[in-house]
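Descriptive structure summary
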Amino acid sequence: MTSDHPVHHLGSKARVLLTSVFGPYAQDDEYGSSTINPMELYHNQVTRAQGVFSLRMFHRSFGLLMIKENIEAPCTLLDFPDLDRFIETIRSKTYDIIGISSIIPNVYKVRKMCELIRAYQPQATIVVGGHLSNMDDIDAIIDTDYLVRGDGIEWFRRYLGQDMSKAVKHPAVESAFGSRILGHSLSDKPGDTAAVVVPSVGCPMGCNFCSTSALFGGKGKFKNFFESGEELYTVMSDLEKKLKVSSFFILDENFLLHRKRALSLLEQMKKNNKSWALYVFSSAQVLRSYRIEQLVELGISWVWMGLEGKQSQYAKLDGIDTRSLIEELQGHGIRVLGSSIIGLEEHTPENIDQAIDYAVSHATDFHQFMLYTANHGTPLHAQLKRNGALLPPEEIKVSDSHGQFRFNHRHPHIPAGDEERLLIKAFEQDFKINGPSLLRLIRTILKGWQRYRSHPDKRIRSRYQNEVKPLRTMYAGAVWAMKKWYRDDQVLSRQLNELLQDIYTTLGWQPRLVAPVMGRYAYRAMKKEEKRLAGGWTIEPRTFLEHNRAALAEVKDAAGSASSLDKPAIIPNLAELKPLPIALRTSDRGNN
């Protein structure tokens with residue numbers, strides 16, 4: 001392995017394959033996958049305890065999509081393959097460079113993929129990136145030629161000898177696919193799902209546990225792909241046309257921190273009369289630096305905000321009454337996903353209930369709970385390593401260190417093995433006290449419409465009008481079904497009845513007619529989903545195989561010409577799912 005930055009001898013003529021790790025993902029297997037760590041952000045970390053009310057969806061490998069869009073060499077992208085599909089891909093065509101992106105818990109899948117590449121395509125250069133690249137001693141575990149830490153676009157452009165001064169191109173891709181809730185698969189038709197936008201990578205806040213910040217240089221470091229609001233507006237306008245969207249998921253660790261760019265984008269939106277909705281990540285301190293009118297004008301409709309924990313020492317929370325902030329945001333129709341940590345240094349068996357109560361009291365529309373985890377490359381990991389507090393491999397499998405099962409260090413107060421119980425308690429308490437996230441989301445959307453339905457600015461009024469549309473039909477039916485579901489729960493039944501009546505009063509005859517019809521359908525679907533989940537049913541993302549323009553040109557040229565493709569024979573012993581040593585199997589986690 002080398003750490004310098006060479007240029008591939010074929011330059012932009014090199015054939016490139018980019019791939020995510022192979023599935024299945026929501027099953028216990030010998031490569032580190034587990035049923036409690038599915039490839040679903042919400043169902044995994046946010047609505048984990050909400051059963052039929054859990055929001056199910058998948059997200060593409062956005063980093064790989066960005067790289068594919070910005071290299072001139074023929075590039076094929078394989079996203080969410082199973083092992084057989086990956087083998088077939090690398091045996092049916094010759095590639096000069098094969099890049100794999102992965103998180104740390106999937107390290108043994110990457111090891112397997114590297115073994116297969118060496119067997120089928122020994123001439124290929126293997127490049128591994130993503131959070132896995134920050135893992136200690138990774139070069140002793142996987143056989144790769146290069147590790148890419150940080151910006152993969154810049155790395156590949158240099159490696160392929162491209163012009164580094166060219167502007168970054170943004171792929172046209174939706175933020176999610178395969179969405180499902182209440183036993184019903186949601187529409188994937190154009191315009192129904194927000195487009196993803198990646199303005200920057202890294203986060204200058206540099207929280208000690210943040211692996212994203214660490215991957216891109218740590219505290220004070222970030223990279224803007226689009227420096228100005230004008231550039232960003234051009235990208236979003238292009239996505240609006242291509243994907244027929246008016247909402248955008250801004251994949252930026254703290255989008256509003258770049259104030260000049262955000263306000264410049266607002267000016268462009270006003271100038272061009274855009275009623276866009278923006279879903280953003282932001283810290284509480286940064287949110288408080290804006291007037292609520294600015295947030296509304298900018299189209300901020302949904303915020304992912306770190307709450308971390310009561311009395312936590314993070315600067316982004318200094319002096320902020322987060323409960324008051326969240327209540328204000330929701331009063332303007334802005335949905336909030338709060339994120340809290342279980343197992344901070346100050347948490348003890350005696351005060352953990354108070355910490356959970358504090359988190360739940362925010363009544364956010366969604367709530368993520370994560371264990372305090374020392375991810376490789378972070379300041380927290382370095383600190384605990386110096387102190388000798390990290391658990392050795394014999395006590396914690398790397399595949400179990402994903403924030404939803406075990407600490408990967410010795411906690412000063414919480415007994416080992418008790419952390420998952422506390423985590424699940426937090427999820428369950430939030431669900432019990434605040435109800436399904438779907439209920440909360442619908443209530444917040446209705447508040448926004450009630451406040452802004454008569455706003456003098458048509459641009460603002462139109463956005464709220466777009467957001468309230470589902471409450472006239474689908475969401476009204478969902479509330480009707482939830483009311484029936486919770487008919488024996490006095491508190492939630494009353495809340496749902498009040499919400500349904502509020503919808504009827506505010507939106508008129510349409511939801512009155514539609515809610516009972518759609519509600520009965522939704523209720524039946526919920527009962528069926530409940531049985532499926534009780535039986536251990538899981539879902540997996542579909543596989544994507546995509547090409548950039550140069551690769552598409554090759555595909556067209558090769559059509560009908562089998563001789564242009566190399567098809568080495570299947571290698572049986574490598575095609576088999578070869579088990580790892582017993583100490584590494586996730587099925588043995590109960591012995592830890």
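Refer to the structure above for everything that follows.
Numbering of residues starts from 1 in each chain and follows the order in which that chain's sequence is written. Totals for whole chains, interfaces and linings use every residue, but because this is a predicted model, local features are given only for residues with pLDDT of at least 70 and side-chain atom pairs only at 80 or more, for both listing and counting. The basis for every side-chain value is the complete set of heavy atoms in the structure, and neither hydrogens nor water enter the calculation.

1. What about the overall build of the protein?
Note the following rule: Helix and strand assignments follow DSSP, with helices taken as H or I runs no shorter than four residues and strands as E runs no shorter than two, numbered in order from the N terminus. Working definition: with a 1.4 Å probe on protein chains only, accessible area under 20% of the residue-type maximum means buried, over 50% means exposed, and in between means partly exposed. Only heavy atoms enter the contact rule, under which two residues are in contact if any of them lie within 4.5 Å. The method behind every accessible area is Shrake-Rupley, applied with a 1.4 Å probe, and residues are considered shielded solely by the protein chains displayed. Charge counting treats Lys and Arg as positive and Asp and Glu as negative, with His and both chain ends excluded. To locate a charge, the coordinates of NZ of Lys, CZ of Arg, CG of Asp or CD of Glu are taken.
For the protein, the count of helices and strands is 21 helices and 17 strands. Along the longest, intermediate and shortest principal axes, the C-alpha atoms of the protein span 70 × 55 × 45 Å. With 592 residues in all, the protein has 58% of them scored as buried. Put simply, of all contacts in the protein between residues at least 6 apart along the chain, 76% involve residues at least 24 apart. Accessible surface, the protein: about 25,100 Å² in total, of which carbon and sulfur atoms supply 50%. Between the centroid of the 75 positive side chains of the protein and the centroid of its 68 negative side chains there is a distance of 7 Å.

2. Here we look at the environment of Asp457
The criterion, for reference: Throughout this description, a polar contact denotes any pair of N or O atoms lying within 3.5 Å of each other; where both atoms belong to protein, one of them has to be capable of donating a hydrogen while the other can accept it, and for residues adjacent in sequence the pair is counted only when both atoms sit in side chains.
If you trace the backbone, Asp457 turns up in the loop between α15 (437-452) and α16 (458-468). Looking at Asp457, the relative accessible area reads 30%, which means it is partly exposed. The sequence separation of Asp457 and Lys271 amounts to 186 residues, and the corresponding C-alpha distance is 13 Å. In this structure the side chain of Asp457 is engaged in a polar contact, spanning 2.9 Å, whose partner is the backbone nitrogen of Arg459.

3. What about the pairing of strand β16 (residues 366-371)?
In plain terms, the rule: Strand pairing is assigned whenever DSSP detects at least two bridges linking the two strands. A clockwise course of the path from the first strand over the helix to the second, judged with the strands pointing away from the viewer, identifies a crossover as right-handed.
Across the six residues of β16, six count as buried, placing the element largely inside the fold. Burial along β16 is two-sided: the residues Phe366, Gln368 and Met370 and His367, Phe369 and Leu371 are all buried. Pairing of strand β15 (residues 335-342) with β16, which is carried by six bridges, proceeds in the parallel orientation. Looking at the pairing, Ile341 lines up with Met370 of β16. As for the winding sense of the linkage, the β-α-β connection from β15 through helix α12 (residues 352-360) to β16 is right-handed.

4. Looking at helix α19 (residues 509-534)
Keep this limit in mind: One less than the number of residues in a helix, times 1.5 Å, gives the span that helix is expected to have. Note that bend, as reported per residue, equals the angle between axes fitted to the 7 residues terminating at that residue and the 7 residues originating from it.
A rise of 1.5 Å per residue sets the reference length of α19, with its 26 residues, at 38 Å; its end C-alpha atoms lie 38 Å apart and thus fit the reference within 8%. A maximum bend of about 35 degrees is found in α19 at Ala515, where proline Pro516 lies one to four positions downstream. In this structure, the buried residues of α19 make contact with β7 (177-181), α17 (474-485) and α18 (490-507). Among the residues trailing α19, Gly536 stands out with phi positive, at a value near 85 degrees.

5. Brief notes about the packing of helix α3 (residues 83-92) against helix α4 (residues 107-120)
Heads up, the rule is: Axis definition: a line fitted to C-alpha atoms, over the contacting stretch in the case of helices. Angles run 0 to 180 degrees between N-to-C directions. For classification purposes, an angle smaller than 35 degrees is called roughly parallel, one larger than 145 roughly antiparallel, one from 65 to 115 roughly perpendicular, and anything else oblique. A crossing counts as left-handed when the near helix is turned anticlockwise from the far one by less than a right angle, and as right-handed when that turn is clockwise. Under the scheme applied, nonpolar residues are Ala, Val, Leu, Ile, Met, Phe, Trp, Tyr, Cys and Pro; charged residues are Asp, Glu, Lys and Arg; polar residues are all the others, including Gly.
The geometry of α3 relative to α4 is characterised by a closest axis approach of 10 Å and an angle of 30 degrees between their N-to-C directions. Classed by the angle they form, the pair α3 and α4 counts as roughly parallel. Helix-helix and strand crossings are classified by hand; for α3 and α4 the assignment is right-handed. When α3 is examined against α4, the residues Leu83, Phe86, Ile87, Ile90 and Arg91 are found in contact with a partner set consisting of Lys112, Met113, Leu116, Ile117 and Tyr120. Along the lines of polarity and charge, the residues of the contact of α3 with α4 split into eight nonpolar, no polar and two charged.

6. A short note on a nonpolar patch on the surface
Note the cut-off: In this analysis, a patch consists of residues with relative accessible area above 30% that form no salt bridge, clustered at 9 Å for like charges and at 5 Å for the nonpolar side chains Val, Leu, Ile, Met, Phe, Trp and Tyr. Put simply, a salt bridge is a Lys or Arg side-chain nitrogen that is within 4 Å of an Asp or Glu carboxyl oxygen.
The grouping of Met474, Val517 and Met518 at the surface amounts to a nonpolar patch, some 250 Å² of accessible area in total. By secondary structure assignment, the location of Met518 is in helix α19.

7. Structural notes on the sheet that holds β7
The strands that make up a sheet pair up through hydrogen bonds in the backbone, lying either parallel or antiparallel. If you walk across this open sheet you meet the three strands as β2-β7-β8, and the pairing is antiparallel. The open sheet has two edge strands, β2 (56-58) and β8 (184-185), and neither has a second partner. Strand direction decides the pairing type here: β2 and β7, joined by two bridges, are antiparallel. Bridge pairing links Arg56 to Arg180 in β7.

8. Topic: the sheet that holds β16
Strand order in the open sheet formed by six strands is β9-β12-β13-β14-β15-β16, with parallel pairing between adjacent strands. Looking at the sheet topology across the chains shown, the edges are occupied by β9 (195-197) and β16. Strand-to-strand twist across the sheet, computed as the mean angle between neighbouring axes with direction ignored, equals 20 degrees. Of the strand pairs in this sheet, strand β12 (residues 247-250) and strand β13 (residues 277-281) are connected by three bridges, and their pairing is parallel. Paired with Phe248 across the bridge in β13 is Leu278. Along the sheet, helix α14 (residues 419-434) makes contact with β15 and β16, crossing β16 at roughly 175 degrees. α16 rests against β13, β14 (300-308) and β15 of the sheet, and its axis sits at about 75 degrees to β14.

9. Describing α3
Residues spaced three or four apart along an α-helix point in a common direction, a consequence of the helix completing one turn every 3.6 residues. By the criterion of burial, α3 is predominantly enclosed, with seven of the ten residues buried. Residues Leu83, Phe86, Ile87, Thr89, Ile90, Arg91 and Ser92 constitute the buried set of α3. N-capping of α3 is provided by Asp82, with a side-chain oxygen placed 3.3 Å from the backbone N of Asp84.

10. Quick word on the nonpolar core
Threshold: By convention a nonpolar core is built from buried Ala, Val, Leu, Ile, Met, Phe, Trp, Tyr and Cys residues, the set being connected through side-chain atoms within 4.5 Å.
Judged by nonpolar contacts, the single largest core of 117 residues is most densely connected at Leu256, Leu278, Met305 and Ile442. A total of eight residues in this core trace back to one element, the largest contributor, which is α15. Leave out the neighbours within four places in its chain, and Met305 touches Ser282, Ser283, Ala284, Leu287, Leu325, Ile326, Leu329, Val336, Leu337, Gly338 and Ser339. If you look at the next biggest cluster of nonpolar residues, it comprises 36 residues, including Leu17, Phe86, Met135 and Phe177.

11. Remarks on the environment of Ser20
Structurally, the position occupied by Ser20 is in strand β1 (residues 16-20). Sequence separation between Ser20 and Ile103 is 83 residues; the distance between their C-alpha atoms is 9.8 Å. Filtering out sequence-adjacent residues up to four positions away, Ser20 remains in contact with Ser61, Leu64, Leu78, Asp79, Phe80, Pro81, Ser101 and Met113. Looking at Ser20, its side chain comes within polar contact range of the side chain of Asp79, at 3.0 Å. Reaching out from Ser20, the side chain makes a polar contact with the backbone nitrogen of Phe80 at a distance of 2.8 Å.

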